[in-house]
There are 4 protein chains.
Amino acid sequence: MKAVRIHKYGELPVVEEVPEPTIQGPFDVLVKVGGAGVCRTDLHIIEGQWAAAMAPQLPYTLGHENAGWVQEVGSSVTNVAVGDTVILHPTPTCGLCRACRAGQDMHCTNSSFPGLSGDGGMAEYLLTSARACVRLDPTTEPQDVAALADAGITAYHAVRKAIPLLHPGTTCVVIGAGGLGHIGIQCLAALTATTIIVVDRNPDALKLAEQLGAHHTVVAGGAQVDKVLELTGGGADVVLDFVAEQGAENDGFRMTGSGGSYFVIGYGGTLQVPTLDIISTERNIIGNIVGTYNELVELMVLAQAGKVTLHTITYPLDAAVDALKDLEAGQVRGRAILVP
Amino acid sequence: MKAVRIHKYGELPVVEEVPEPTIQGPFDVLVKVGGAGVCRTDLHIIEGQWAAAMAPQLPYTLGHENAGWVQEVGSSVTNVAVGDTVILHPTPTCGLCRACRAGQDMHCTNSSFPGLSGDGGMAEYLLTSARACVRLDPTTEPQDVAALADAGITAYHAVRKAIPLLHPGTTCVVIGAGGLGHIGIQCLAALTATTIIVVDRNPDALKLAEQLGAHHTVVAGGAQVDKVLELTGGGADVVLDFVAEQGAENDGFRMTGSGGSYFVIGYGGTLQVPTLDIISTERNIIGNIVGTYNELVELMVLAQAGKVTLHTITYPLDAAVDALKDLEAGQVRGRAILVP
Amino acid sequence: MKAVRIHKYGELPVVEEVPEPTIQGPFDVLVKVGGAGVCRTDLHIIEGQWAAAMAPQLPYTLGHENAGWVQEVGSSVTNVAVGDTVILHPTPTCGLCRACRAGQDMHCTNSSFPGLSGDGGMAEYLLTSARACVRLDPTTEPQDVAALADAGITAYHAVRKAIPLLHPGTTCVVIGAGGLGHIGIQCLAALTATTIIVVDRNPDALKLAEQLGAHHTVVAGGAQVDKVLELTGGGADVVLDFVAEQGAENDGFRMTGSGGSYFVIGYGGTLQVPTLDIISTERNIIGNIVGTYNELVELMVLAQAGKVTLHTITYPLDAAVDALKDLEAGQVRGRAILVP
Amino acid sequence: MKAVRIHKYGELPVVEEVPEPTIQGPFDVLVKVGGAGVCRTDLHIIEGQWAAAMAPQLPYTLGHENAGWVQEVGSSVTNVAVGDTVILHPTPTCGLCRACRAGQDMHCTNSSFPGLSGDGGMAEYLLTSARACVRLDPTTEPQDVAALADAGITAYHAVRKAIPLLHPGTTCVVIGAGGLGHIGIQCLAALTATTIIVVDRNPDALKLAEQLGAHHTVVAGGAQVDKVLELTGGGADVVLDFVAEQGAENDGFRMTGSGGSYFVIGYGGTLQVPTLDIISTERNIIGNIVGTYNELVELMVLAQAGKVTLHTITYPLDAAVDALKDLEAGQVRGRAILVP
């Protein structure tokens, strides 16, 4: 089968032929990929940022955001059957550690992360486990929803954690209205009555944000912190930072009001904050990574009710490198999806 | 009356005669001071660290940690009467803003902070408001409990926020077993069954920590992060940092495990954290400042049940400067209390 | 001034002349009434159901749901000024007890309840306290929002408590689409993405419910429990019972699914449940009464954003008895409002 | 092997020979039973109370509270190995339904309940699943901890849910100081600083309660409600009812204060409460059943730290009927344990 493989950090991946994966254990599930999202994290992987943390053996296949159809199942799989349309939680988990037993899939001590720790889903087939499969309405087109598997779940997870802080009368700043941010805005609009303020340097992204539910938009270009402080009367209750690099991370903390919470979702930068600033206003900095299996299920409910709509551009699998280049160049509105 | 007054930042305060404060409004309460705690924040005030944030008019009287007896009350005060023994919440609040109406005294938009924003309680009398007064059992000696008014409430507030994270089987690191930390350890022991690990550079402080409930102690002197990672199997569920300066702040974050929370309580340093480290392990950084009125009441219940005992050294009010010097020199175990 | 006064339980109240109330204390506020809601509780008061609990001295003025304009203020009032448009929290509170200091206005140990414990607002003027006043946009018409002061806050309070239970994919049953229920439905639609199922015996009320956001409606007339169990696949995650009398209370519990919560908001009936049924499915029964001051503020934000719209019928103050009769006869859609 | 089998509801079970169970699936675990607790629920099973809900095929083996040693494991079991000492969560769960994915083992839609729905552990061997096994320190004696598998987890689960309500200064009533209650008291003492009031009709049970941490005890015998109202100043913050039959259920609700919560843990009676009483004081009635896998792990931490000690009487497996009779006659202090 065809797969998008990284051979060396710092070099673009290559689309090449590899053998199809095969079922090994009783809980394995082989999925025919219908859509594979292209993520900023793929760029970071290529740069080598995840090499130390994930330590995959090169070469390997990229792709951690997938939906498709079940092709084959292991002997003990009961929750999906051959032919089912599925979206895949990005981290197949063990189901036995304390985190799994608490529903905190992200903190499973024995999980894998296909596309980061080993072969992922920018390919015709992906091997995953029963625990990663969310069964969908059979009419769902995998390429339409694939981006919910990582961009979506990550944005939803952060918004869901913020809901208790976002009663009517509060303000929530969204930094970055791209692949994740444009989903986050829709989740906020569907699940809260907070005032949504979106910050992005791209005016087109801000236009999309307004259509999706933003009440105010701010062009990032120097005065964004002051503008937000003015709009919020001194700082937002919650800041969701989908960028968290190139200075956004320190802006984001400064946009956060007294008693408020700054949610880090993007990454790449370094936060620098005097502890006096943290305590004198009792602000919080909240880490966020992916989301739980149940959160992915909930997000699919929102999507199937039409409350979250993805803005995507599809590329054939062969054009994976073009998609990566377009993303890097800031030319993707919403999310790029590879279709094998 | 005598009062400990600061005339110029960078210079030690002076004990001098000033007029007694007088009741002005219907909710004012005049308190005869029985004990006034000496706090690291007083040193920071003298250095000028709080000048910008609080903007008090110099000279003014220090002291934000007080207990005593009600001397006189305004016309509408109903919750305390002349002669009552009281401990004082450090920030008299308005009672009308959203934060006050939610019980979040720390975030009152109209509060004062006697001893920081204006005349405090290192004096014979202190003017405060009915909303700041917690009535105590009449047999209580104010000098025995004064340190609970700020050191105590601050430590208790942080511990109380951490309780939901500290089920049996978790680990909690306490950085700094001084004025606040030694109270925090007792609160942890009274309210959780977590494993308590205390880090301090002073072996005597660690000995006290063990008597108060610490399960493990670690001398800070270079290898403290590795030692904690070893004791916790890769990081604690909660780190309570009562120091948060001179490198403790970055140590504290590194001591925090996956999915864990680093509580900033002390201050003075600057936290520097790559956003990748925040998201990849989904860690939180939690600001903490003082506590609510109800938390002070709860802490007094613990104190009166003998579950929190203060380690104090008393000084006469005239010796205030000695107390400040001893604190700076690291020669105060527990808390120094001025007795007018 | 004119006032609607109850002289004897079991007899209809009388509209008669009484002296205007006057400012007594520094925090008193005299409000010129712009609208006074007519509530099922007024019928219950007339029947004598509240006589023992509230022990008002007869005769007294009914009315616990008011908005209007500030006419005069006590000497220490700072949060409102003469001429302000205000809506009134139904229970002026002390601000000093533990409940008040935690923001739990409903549990104030020293509150009054004008209209239940003493003179209320079915009159030209109402005496209340600064702590009860929520300042509104000056263009607001009091008669348009008065019903939010009690029906609204009560419905909102229950919905707000239920939000953490109502993630996407859940179901919420609303029993009763009348004065409170029609507000509850709108709050659910504004603040959650749950599937809303409304049960009422009146087809017109159900039609209104659909317009306000109900996904399914069920006519109460014998088969309502089975119908709900079928729609929810065995029971709802949350049941909000705005009736809780005449059998609705036992229906409501039976409509609640495993691990679910039955919210009692209406009253009058008697719940009868085997403890085995409570534990075998781990269901909860949640009491609800009025709401907090901050919740009223939040609800006004929703109202001013157009997310909660009241369906009201106005009557002149002189026609108070007609309004009560119409309510009893089930002829009021939404809420009846007296306009002095 | 020998097993305690029920042949007909209303008749005592019989100790008889049956074939040993055998491993069937990849996740099965066969446990050599070291201790099997005898529970009030066994009496209720014999009476037929659970026949409809659980529908087991008669005859079957009783016993839902077990610890022992792993005898054999299925091909895919990774979390325990032959020879391990284990305590067993009472309901082996599927690991795939929403409840399991949220850590809510009690609400698994595909769980079994050995001893209620099919063969249990009053036998020499018990067949369970990998998901039910909690590995223990190898020095643990199964008969010493078996009662934690059901009595313990149930008491702990209720206490853990109550912790956020039990800050210092609150009161908690425990009704019933028997098998579950005597564990609940210890959990309260280990994890909160609440004032513990224990109600039981047996003076010996109350004496034990005092040794385990009760601050006040009340003999149930007519005046218990008034006595508790007096001790609590009008009602407790939390009532944990481990009896919930023979009138305790209505007493328990009446002992609950304004804004408080009545936890139903025992069962057998019928709660009868006017909805007016639920709403006027905003009280809650909270269902409780067993607990989560992680809660059992946490409880074992408390037990191994010596914070929860079981009071048990052992009987040989052959004497199972004697143990059941003693329990029924109220002659068991703490918990009866069968040792095969």
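Residues numbered from 1 in each chain as written. Chains lettered and ligands numbered in written order. Predicted model: local features only at pLDDT ≥ 70, side-chain atom pairs only at ≥ 80, totals over all residues. Heavy atoms only, no water.

Asker: What am I meant to see in the sheet that holds strand β2 (residues 14–17) of chain C here?
Answerer: Sheet strands associate in pairs through backbone hydrogen bonding, adopting either a parallel or an antiparallel arrangement. All names here are of chain C. Here we have three strands laid out as an open sheet, ordered β2-β1-β4, and antiparallel in their pairing. In this open sheet, the two strands that pair with only one neighbour each are β2 and β4 (60–61). By the bridge criterion, two bridges tie strand β1 (residues 2–6) to β4 in an arrangement that is antiparallel. Across the sheet, Ile6 pairs through a bridge with Tyr60, a residue of β4. (Pairing = 2+ DSSP bridges. Helix = DSSP H or I, 4+ residues; strand = E, 2+ residues; numbered from the N terminus.)

Asker: Looking at this structure, I do not really get the sheet that holds strand β9 (residues 171–175) of chain B. What am I missing?
Answerer: With respect to topology, 12 strands assemble into an open sheet ordered β11(A)-β10(A)-β9(A)-β12(A)-β13(A)-β15(A)-β15(B)-β13(B)-β12(B)-β9(B)-β10(B)-β11(B), the strand pairing being mixed. Unpaired on one side and paired on the other, β11 (216–219) of chain A together with β11 (216–219) of chain B mark the two borders of the sheet. Across the sheet, the axes of successive neighbouring strands diverge by a mean angle of 20°, strand direction being ignored. The pairing of strand β12 (residues 236–241) of chain B with strand β13 (residues 256–264) of chain B spans five bridges and is parallel. For Leu240 of chain B, the partnering residue across the bridge sits in β13 of chain B and is Phe263 of chain B. Helix α5 (residues 151–162) of chain A contacts β12 (236–241), β13 (256–264) and β15 (284–287) of chain A of the sheet and is inclined by roughly 165° relative to β12 of chain A. (Axes fitted to C-alpha atoms, helices over the stretch in contact; angles between N-to-C directions. Contact = heavy atoms within 4.5 Å.)

Asker: What exactly am I supposed to notice about the interface of chain D and chain B here?
Answerer: Many descriptions give the size of an interface as the accessible area lost when the pieces come together. The interface is formed by 14 residues belonging to chain D together with 14 residues belonging to chain B. Of the roughly 1,000 Å² buried at the junction of chain D and chain B (both faces included), carbon and sulfur atoms supply 63%. For the chain D face of the interface with chain B, the top three residues by lost area are Pro168, Leu191 and Ala193 of chain D, together amounting to 39%. Inspection of the chain D/chain B interface yields zero salt bridges. At the junction of chain D with chain B, the criterion picks out zero residue pairs in polar contact (both at pLDDT 80 or more). (Buried area = accessible area lost by both parts, 1.4 Å probe. Salt bridge = Lys/Arg side-chain N within 4 Å of Asp/Glu carboxyl O. Polar contact = N/O pair within 3.5 Å; in protein donor to acceptor, adjacent residues only side chain to side chain.)

Asker: Would you mind going over the packing of helix α1 (residues 40–47) of chain B against helix α12 (residues 320–328) of chain B with me for this structure?
Answerer: When two helices pack together, their arrangement is given by the angle between the helix axes and the distance between those axes. Residue and element names in this part refer to chain B. Interaxial distance between α1 and α12 falls to 10 Å at its minimum, and their mutual angle equals 100°. Our classification of the angle between α1 and α12 gives roughly perpendicular. Between α1, through Arg40, Asp42, Leu43, Ile46 and Glu47, and α12, the contact on the second element is made entirely by Leu324, Leu327 and Glu328. For the contact of α1 with α12, the class distribution of residues is four nonpolar, no polar and four charged. (Parallel < 35°, antiparallel > 145°, perpendicular 65-115°, else oblique. Nonpolar A, V, L, I, M, F, W, Y, C, P; charged D, E, K, R; others polar.)

Asker: Help me out: how do you make sense of the interface of chain D and chain C in this one?
Answerer: Counting from both sides, the interface comprises 37 residues of chain D and, opposite them, 37 residues of chain C. Across the interface of chain D and chain C, roughly 2,800 Å² is buried in total on both sides, 60% from carbon and sulfur atoms. For the pair chain D and chain C, the interface holds two salt bridges. In this structure, the salt-bridge partner of Lys161 of chain D is Glu282 of chain C, at a minimum N-O distance of 3.2 Å. Of all the secondary structure elements, the ones that give two or more residues to the side of chain D that touches chain C are α5 (151–162), β13 (256–264), β14 (270–274), α10 (275–280) and β15 (284–287) of chain D. Across the side of chain D that touches chain C, the residue classes break down as 15 nonpolar, 17 polar and five charged. In terms of strand pairing, strand β15 (residues 284–287) of chain C meets β15 of chain D through three bridges, oriented antiparallel.

Asker: Help me understand the domain arrangement of chain A, please; the structure alone is not making it clear to me.
Answerer: All names here are of chain A. With domains assigned, chain A is organised as domain 1 (2–150 + 291–339) and domain 2 (153–287). Across the boundary between the two partners, domain 1 contributes 26 residues, which contact 21 residues of domain 2. Across the interface of domain 1 and domain 2, roughly 2,000 Å² is buried in total on both sides, 58% from carbon and sulfur atoms. For the domain 1 face of the interface with domain 2, the top three residues by lost area are Glu295, His311 and Arg333, together amounting to 25%. Counting across the domain 1 and domain 2 interface gives two salt bridges. The residue Arg40 makes a salt bridge to Glu245 at a minimum N-O spacing of 3.8 Å. When residues of the side of domain 1 that touches domain 2 are traced back to their parent elements, those giving at least two are α1 (40–47) and α11 (293–304). The element best represented in the side of domain 1 that touches domain 2 is α11, accounting for five residues. Per-class residue counts for the side of domain 1 that touches domain 2 are 10 nonpolar, nine polar and seven charged. (Domains from an automatic or database assignment.)

Asker: Explain the relation of the copies chain D and chain C to me, please; I cannot follow it from the model alone.
Answerer: For the pair of chain copies, the relating transformation is a rotation about an axis with a translation along it. Mapping chain D onto chain C leaves a residual RMSD of 0.0 Å; the transformation is a rotation of 180° accompanied by 0.0 Å of translation along its axis. Here the copies are linked by what is in effect a two-fold axis. When you check the interface residues of chain D against chain C, 100% turn up at the interface there too, and the contact is symmetric in its surfaces. (Least-squares fit on C-alpha atoms with pLDDT ≥ 70 in both.)

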